[in-house]
Amino acid sequence: TMLPSKAWNSLSPDLYATFWGLTLYDLHVPRNRYESEISKQHAALKTLEEVADNSSSAITKRKKEKERIQESLDRLTGELKKHEEHVASVRRRLSREKDTWLSSCPDTLKINMEFLQRCIFPRCTFSMADSVYCAMFVHMLHSLGTPFFNTVNHIDVLICKTLQPMICCCTE
């Protein structure tokens, strides 16, 4: 009852629930950002080791700071590994489910329009992260080779049939 009954002719409840149930965290690991932060922590450790002050208070202070930085490094590397494992797990699940998402839809010509109207456009308006999620989800559909999902048609519908008229309405 969430959508009009005709929408289910071109969009499966499984795909709909999967799309709305996941987040950017489930699809993407910002590996570069993690590596950048880990490099900063290593640089901070190196800087601490190069300090020449050898008074007992300075040594104690450096030791505490090294412990704090090392804990931060351990947390970051652990979090990166956990995130990578989570994304791999989600990807395996999606790979198992992809064959059923659109195979039962009788109206394959309208799949992309329904998907854009019921999933992509509503979610894109929530936030920047949700917009990135939508792009990553479409990329994931393509890279998994989801049956009956035509990427070229999706881009055509997005740009030519939807985005172009919207831009024309919003500009002089």
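Every chain's residues receive numbers from 1 upward, in the order its sequence appears when written. The predicted origin of the model limits local features to residues at a pLDDT of at least 70 and limits the giving and counting of side-chain atom pairs to 80 or more, whereas totals for whole chains, interfaces and linings rest on all residues. Calculated side-chain values reflect all of the structure's heavy atoms, with hydrogen atoms and water omitted.

### So, the overall build of the protein
In this description a helix means any DSSP run of H or I spanning at least four residues, a strand means any run of E spanning at least two, and both kinds are numbered starting from the N terminus. The secondary structure content of the protein amounts to 7 helices and 0 strands. Traced from its N-terminal end to its C-terminal end, the protein shows the element sequence α-α-α-α-α-α-α. Throughout, the radius of gyration refers to the C-alpha atoms, and the reference size of a globule is 2.2 Å times the residue count to the power 0.38. Here the protein has a C-alpha radius of gyration of 24 Å; the compact-globule value for 172 residues is 16 Å, and the former is much larger. Expressed as lengths along the three principal axes of its C-alpha atoms, the size of the protein is roughly 75 × 45 × 30 Å. Taking all 172 residues of the protein together, the buried fraction comes to 32%. The buried label goes to any residue with under 20% of its type's maximum accessible area, the exposed label to any with over 50%, and the partly exposed label to all in between, with areas taken from a 1.4 Å probe on protein chains only.

### So, the environment of Val 90
Counting through the fold element by element, Val 90 comes out in helix H4 (residues 56-101). For Val 90, a relative accessible area of 7% gives the class buried.

### Focus on the UniProt feature "coiled-coil region" (unreviewed entry) in the protein
UniProt positions are given in the numbering used here, feature names are shortened, and annotations may be inferred rather than shown by experiment. On the UniProt side, "coiled-coil region" (unreviewed entry) is annotated at positions that read residues 31-100 here. Each end of residues 31-100 is marked by a C-alpha atom, and these two atoms are 31 Å apart; helix forms 91% of the span and strand 0%.

### Examining the nonpolar core
Here is a general trend for soluble globular proteins: nonpolar side chains tend to be buried in one another's company. The nonpolar core is taken to be a set of buried Ala, Val, Leu, Ile, Met, Phe, Trp, Tyr and Cys residues, with the residues joined through side-chain atoms within 4.5 Å. Counting residues in hydrophobic clusters, the biggest one holds 26 residues, and the most contacted among them are Leu 15, Phe 19, Leu 94, Phe 115, Phe 137 and Leu 141. For this core, the secondary-structure elements that each account for two or more residues are helix H1 (13-21), H4, helix H5 (111-124) and helix H6 (128-144). Broken down by element, this core gets its largest block of residues, 7 residues, from H6. Tyr 34, Leu 48, Ile 69 and Leu 76 belong to the second-largest nonpolar core, a separate cluster that totals 10 residues.

### Some remarks on the packing of aromatic side chains
In this analysis, rings of Phe, Tyr and Trp, with Trp reduced to its six-membered ring, are considered paired at centre separations within 6.5 Å, and the interplanar angle assigns stacked below 30 degrees, edge-to-face beyond 60, and tilted for intermediate values. For the structure on display, the rule yields 10 aromatic pairs. On the basis of an interplanar angle of 75° and a centroid distance of 5.6 Å, the ring pair of Phe 19 and Phe 115 is categorised as edge-to-face. You can see Phe 19 sitting in helix H1 and its partner Phe 115 sitting in helix H5, a full 96 residues away along the chain. Note on Phe 19: relative accessible area 0%, which makes it buried. Taking the relative accessible area as the measure of exposure, Phe 115 reaches 0% and is therefore buried. Among the aromatic side chains, those forming a connected cluster through ring pairs are Tyr 16, Phe 19, Trp 20, Trp 101, Phe 115, Phe 126, Tyr 133, Phe 137 and Phe 149. Comment: the charge-over-ring label is applied if NZ (Lys) or CZ (Arg) is within 6 Å of the ring centre and within 35 degrees of the ring normal. Above the face of the Phe 19 ring, Arg 123 is positioned so that its terminal group lies 5.6 Å from the ring centre.

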